[in-house]
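Observations on chain architecture
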Number of protein chains: 2
Amino acid sequence: MSRPNDLRRPLTLRDVSEASGVSEMTVSRVLRNRGDVSNATREKVLKAAKTLGYVPNKIAGALASQRVNLVAVIIPSLSNLVFPKVLSNISDELEDTGLQPVVGVTNYSPEKEEQVLYEMLSWRPSGVIIAGLEHTDAARAMLQNTDIPVVEIMDVDGEGIDSVVGISHRRAGLHMAEAITAAGYRQIGFIGTKMPEDHRARKRFEGFKEGLAKAGLTLADTEFYAGGSALAKGREMTETLLRRSPNLDFIYYSNDMVGAGGLLYCSDLGMDVPAQIGLAGFNGLDLLDGFSQRLATMDACRGEIGRKAAQIVAKRSQNDQVASEVIELEPVLQPGDTIRRI
Amino acid sequence: MSRPNDLRRPLTLRDVSEASGVSEMTVSRVLRNRGDVSNATREKVLKAAKTLGYVPNKIAGALASQRVNLVAVIIPSLSNLVFPKVLSNISDELEDTGLQPVVGVTNYSPEKEEQVLYEMLSWRPSGVIIAGLEHTDAARAMLQNTDIPVVEIMDVDGEGIDSVVGISHRRAGLHMAEAITAAGYRQIGFIGTKMPEDHRARKRFEGFKEGLAKAGLTLADTEFYAGGSALAKGREMTETLLRRSPNLDFIYYSNDMVGAGGLLYCSDLGMDVPAQIGLAGFNGLDLLDGFSQRLATMDACRGEIGRKAAQIVAKRSQNDQVASEVIELEPVLQPGDTIRRI
DNA sequence: GTGAAAGCGCTAACAA
DNA sequence: TTGTTAGCGCTTTCAC
């Protein structure tokens, strides 16, 4: 095979047009499978494009057609395990729509979020899927001012801008508190992250305290951590907490990874879980399947959230007269082996 | 504040120009911090842009300037834990360069990779960072034909197209075999993934067998799995393997997650690790920090790979006369607590 | 320090 | 079925 492109510049439609003896417009039609083109012409064009190694310029195409097949997905983190899952479901759901997700990561910083959003909006995507309901004023204004569909995901506790798909983290925390107190636990501790910007974790925490209050209880002790391997932190923090408050009979963790670390710690010490001490996390990570005892948790509906959000964007990008939707999913308690049965 | 954009169309430079009484050209200069603009004009423009809520159209900008600040990052998976780490390091490293990573996921499918690559190249990014050295002929042709910098990452065992940053997985496997045999293990089993397209896992496996051969050994037994939670699979497969071959004194896992599952299984059964049986994985996940025994592993240099790859792209996008580089990093054995000391 | 004209590579709309 | 024309919203270049 001869070197297809010896030029020092990228190939254009015009090159394919000249190589095939067909007008640029018809070449464009063939390459996009648009309109009626005779088979003979189609073959000629396809062959020319292939041997040249032509790759269309979507920038020019997008400018001319005012259409961009990109969907901006803005999430706080990729190391959380939660978001890769959401993302892969968005990706799967978008598969046959011609839309492509583009990911932006904010590291839980509102300023970074604003910046990433601005950057992404300037590419005029077909939709925006963004985690959470809390944004800077400027970010909120951008989202409100745009005509493209916006889906805020993960959380429904608050005011949405356009469409919303998520769960109530407040109620998730509340229900967990109810389950725990119903199981007879009374000395309850909490281990969470030192992340003021993780609003969903905060809401679960608040809902949890509210649930305890309903049962006439307050948190017996709490511990917060920042950074590091969540599993290792779970272990450490659990030790710290239990040293300080040996009478605890339950620990609620802000996520499954720290919870799993706590579970490992308790197991290693030969503590009787769930009789002596109960444990619960949050997210419903399938990672937990590998442990000898299954940590109690609550499914965050990550998969479903990604799928629904993608569907909304896809639907709206085909017909922009569709109304915005607010979808609240119901997280389900998975009692596992670390809450005692009543 | 009054509604900034009551039009049904996105704002253009012209709108800002009219609102501020400054020419489009000067508005453009202000918004890009280019050229000399008087302070008075700058203020006027900035104010107009802000109150209107103008978001520049990068599509038009890119077409006109022939410059796109995007870097395509093409990886097999996001649920692997390995790639999010690489990605976040790329992202960090690119932070101050004005370049933005755009992620494409291939699910270990060469066809999907080709498709994603084509899609991304059609946006004319400033660089491509792509996992692995194995690609379809068409993908390889696209990468060869393009003028933009290409960095193949993770693996150095093979022929690169342009720049390459990675480790030798073959030698990683080989060195692990040497360490294991040196520690006196003789009945060695292997647990891996059923993924023909995971070339790096395959190379480690081959290198491992080669290392055993040097010590006059062959694998005593092997087991391969597909799908599911790696931790749970590690547990199951270890059970299967040990049931079938109870005389094994070592198991090498194709990655840390399955290895950790195996470790949990052995601990639960009260087996004496590493005296009775030794275990090792691969990747150097910090997840392992939380376990009571630390799994032996080998650092895949994920962080460093991402950083170096990003540096190469950044450097080349500033000066395209820079030569391509091949960087081989050295994975370090982390013996942890699951290989017995000699 | 500022502005006017031309054009980036493609596609919409229309003409043949 | 195919071709022609006129932009899409910016930036480059050059003029003032």
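Residues numbered from 1 in each chain as written. Chains lettered and ligands numbered in written order. Predicted model: local features only at pLDDT ≥ 70, side-chain atom pairs only at ≥ 80, totals over all residues. Heavy atoms only, no water.

By the naming in an unreviewed UniProt entry, chain A is LacI family DNA-binding transcriptional regulator, taken from Thioclava arctica.

Quick word on the overall build of chain A
Looking only at helices and strands, chain A features 12 helices and 12 strands. Relative to the 2.2 N^0.38 estimate, which gives 20 Å for 342 residues, the radius of gyration of chain A is 26 Å and therefore markedly larger than a compact globule would have. With the C-alpha coordinates aligned to their principal axes, the bounding extent of chain A is approximately 85 × 45 × 35 Å. Out of the 342 residues in chain A, the part that is buried amounts to 56%. For chain A, the exposed surface amounts to about 14700 Å²; the carbon and sulfur share of it is 48%. Separation of charge centres in chain A, based on 39 positive and 44 negative side chains, amounts to 5 Å. (Helix = DSSP H or I, 4+ residues; strand = E, 2+ residues; numbered from the N terminus. Rg over C-alpha atoms; globule rule 2.2 N^0.38 Å. Buried < 20%, exposed > 50% of the residue type's maximum accessible area, 1.4 Å probe, protein only. Areas by Shrake-Rupley, 256 points an atom, 1.4 Å probe, with all protein chains shown as cover. Lys, Arg positive; Asp, Glu negative; His and termini not counted. Charge placed at Lys NZ, Arg CZ, Asp CG, Glu CD.)

Here's the deal with the pairing of strand β7 (residues 221–225) of chain B
Residues and elements named next belong to chain B. Of the two faces of β7, the one lined by Asp-221, Glu-223 and Tyr-225 is fully buried and the one lined by Thr-222 and Phe-224 carries no buried residue. Taken together, the 5 bridges between strand β6 (residues 188–193) and β7 define a ladder with parallel strand orientation. When the sheet's bridge partners are listed, Gly-189 is paired in β7 with Asp-221. Handedness of the β6-helix α9 (residues 199–214)-β7 crossover: right-handed. (Pairing = 2+ DSSP bridges. Right-handed = clockwise from strand over helix to strand, strands pointing away.)

Comments concerning the environment of A:Ala232
The topology assignment puts A:Ala232 in helix α10 (residues 230–244). Classification of A:Ala232 as buried rests on a relative accessible area of 12%.

Observations regarding the relation of the copies chain B and chain A
Comparison of the two chain copies shows a relationship of rotation about an axis with a shift along it. In screw terms, the move from chain B to chain A is a rotation of 180° and a rise of 0.0 Å along the axis, fitting with an RMSD of 0.1 Å. Expressed as an axis order, the relation between the two copies is that of a two-fold axis. (Least-squares fit on C-alpha atoms with pLDDT ≥ 70 in both.)

Quick look at the nonpolar core
A:Ile153 and B:Ile153 are the most contacted members of the largest nonpolar core, which has 100 residues in total. If we ignore the near neighbours within four places in the chain, the residues touching A:Ile153 are A:Val86, A:Ile129, A:Ile130, A:Ala131, A:Gly132, A:Val165, A:Ile305 and A:Ala309. The next biggest cluster of nonpolar side chains, apart from the first, holds 51 residues, and it includes A:Ile191, A:Leu242, B:Met271 and B:Phe291. (Core = buried A, V, L, I, M, F, W, Y, C linked by side-chain atoms within 4.5 Å. Contact = heavy atoms within 4.5 Å.)

A closer look at the sheet that holds strand β6 (residues 188–193) of chain A
All names here are of chain A. Overall, parallel pairing links the 4 strands, which are arranged β7-β6-β8-β9 in an open sheet. Either end of the sheet is taken by a strand with one partner, and the two such strands are β7 (221–225) and β9 (278–280). Each strand axis lies, on average, 15° off the axis of its neighbour in the sheet, ignoring direction. Bridge count for strand β8 (residues 250–253) against β9 is 3 bridges, and the pairing is parallel. Looking across to β9, one finds that Ile-251 is bridged to Leu-279. Docked against the sheet, helix α8 (residues 169–182) engages β6, β8 and β9, running at close to 165° with respect to β8. With respect to the sheet, helix α9 (residues 199–214) is in contact with β6, β7 and β8, its orientation differing from that of β6 by roughly 170°. (Axes fitted to C-alpha atoms, helices over the stretch in contact; angles between N-to-C directions.)

Remarks on the pairing of strand β1 (residues 70–75) of chain A
Residues and elements named next belong to chain A. Most of β1 sits out of view: 6 of its 6 residues are buried. Once you follow β1 into helix α5 (residues 82–94) and on to strand β2 (residues 100–105), the crossover reads as right-handed. Bridge count for β1 against strand β3 (residues 127–131) is 4 bridges, and the pairing is parallel. By the bridge assignment for β3, Val-71 is matched with Gly-127.

Considering the interface of chain B and chain A
Between chain B and chain A, the residue contacts involve 50 residues of the former and 50 residues of the latter. Interface area for chain B against chain A, summed over the two sides, is near 4700 Å², with a carbon-plus-sulfur share of 60%. Here B:Lys112 makes a salt bridge to A:Glu95, at a shortest N to O gap of 3.6 Å. Joining chain B to chain A, the criterion identifies 16 residue pairs in polar contact (both at pLDDT 80 or more). (Buried area = accessible area lost by both parts, 1.4 Å probe. Salt bridge = Lys/Arg side-chain N within 4 Å of Asp/Glu carboxyl O. Polar contact = N/O pair within 3.5 Å; in protein donor to acceptor, adjacent residues only side chain to side chain.)

A look at the packing of aromatic side chains
One pair of aromatic rings is described through two measures. These are the centre distance and the angle between the planes. Residue and element names in this part refer to chain A. Here the structure, examined in full by the defined rule, presents 16 aromatic pairs over all chains. Both rings, one in Phe-205 and one in Phe-224, keep their centres 5.7 Å apart while their planes meet at 85°; by these two values the pair is edge-to-face. Separated by 19 residues along the polypeptide, Phe-205 in helix α9 and Phe-224 in strand β7 bring together distant segments of the chain. With a relative accessible area of 14%, Phe-205 lands in the buried category. Here a set of aromatic residues connected by ring pairs shows up, and it is made of Phe-190, Phe-205, Phe-208, Phe-224 and Tyr-252. Over the ring of Tyr-185 we find Arg-340, and its NZ or CZ is 4.0 Å from the ring centre. (Phe/Tyr/Trp six-rings, centres within 6.5 Å; stacked < 30°, edge-to-face > 60°. Lys NZ or Arg CZ within 6 Å of the ring centre and 35° of its normal.)

Here we look at a positive patch on the surface
Judged by side-chain charge, A:Arg29, A:Arg32, A:Arg34 and A:Arg67 come together as a positively charged surface patch. Looking at the secondary structure, you find A:Arg67 in the loop between α4 (58–65) and β1. (Patch = residues over 30% accessible without salt bridge, like charges linked within 9 Å, V, L, I, M, F, W, Y side chains within 5 Å.)

Considering the protein's contact with DNA strand C
The immediate surroundings of DNA strand C are formed by 25 residues, with A:Leu13, A:Ser28, A:Tyr54, B:Arg29 and B:Thr41 found nearest. For DNA strand C, the backbone portion of the atoms within 4 Å of the protein, that is sugar and phosphate, comes to 69%. B:Thr26 is positioned such that a nitrogen or oxygen atom in its side chain is 2.9 Å from a phosphate oxygen of DNA strand C. Here a base oxygen of DNA strand C and a backbone polar atom of B:Leu63 are 3.5 Å apart. Elements supplying a minimum of two residues to the surface near DNA strand C: α2 (24–32) and α4 of chain A together with α2 (24–32) and α4 (58–65) of chain B. Taken together, the residues of the surface near DNA strand C sort by class into 10 nonpolar, 10 polar and 5 charged. (Near = heavy atom within 4 Å. Nonpolar A, V, L, I, M, F, W, Y, C, P; charged D, E, K, R; others polar.)

Regarding the packing of α2(B) against helix α3 (residues 39–52) of chain B
Residue and element names in this part refer to chain B. Two elements in contact, α2 and α3, have axes separated by 10 Å at closest approach and are oriented at 85°. Here α2 lies roughly perpendicular to α3, going by the angle between them. Across the interface between the two elements, Thr-26, Val-27, Val-30 and Leu-31 of α2 pack against Thr-41, Arg-42, Val-45, Leu-46 and Ala-49 of α3. Looking at side-chain class alone, the contact of α2 with α3 contains 6 nonpolar, 2 polar and 1 charged residues. (Parallel < 35°, antiparallel > 145°, perpendicular 65-115°, else oblique.)

With respect to empty space enclosed by the protein
As enumerated under the stated definition, the model contains 1 cavity of 30 Å³ or more in all. Looking at the largest cavity, its volume works out to about 250 Å³. Lining the largest cavity are 19 residues, and of these A:Leu70, A:Val102, A:Trp123, B:Leu70 and B:Val102 sit closest to its centre. Counting only elements with at least two residues in the lining of the largest cavity, the list comes to β1, β2 and α6 (110–121) of chain A together with β1 (70–75), β2 (100–105) and α6 (110–121) of chain B. (1 Å grid on protein atoms, 1.4 Å probe; cavity = no way out; pocket = protein on both sides within 12 Å on 5 of 7 lines; lining within 4 Å. Points joined across faces, edges and corners; volume = space filled by probe spheres on them.)

Overview of the protein's contact with DNA strand D
As a matter of local geometry, DNA strand D sits amid 24 residues, with A:Arg29, A:Thr41, B:Met25, B:Ser28 and B:Tyr54 nearest to it. Of what DNA strand D places within 4 Å of the protein, 69% of the atoms are sugar or phosphate. A:Arg29 has a polar side-chain atom sitting 2.4 Å from a base oxygen of DNA strand D. Within the residue set of the surface near DNA strand D, elements represented by two or more residues are α2 and α4 of chain A together with α2 and α4 of chain B. Among the elements that make up the surface near DNA strand D, the one with the highest residue count is α4(B) (4 residues). Grouping the constituent residues of the surface near DNA strand D by class yields 10 nonpolar, 10 polar and 4 charged.

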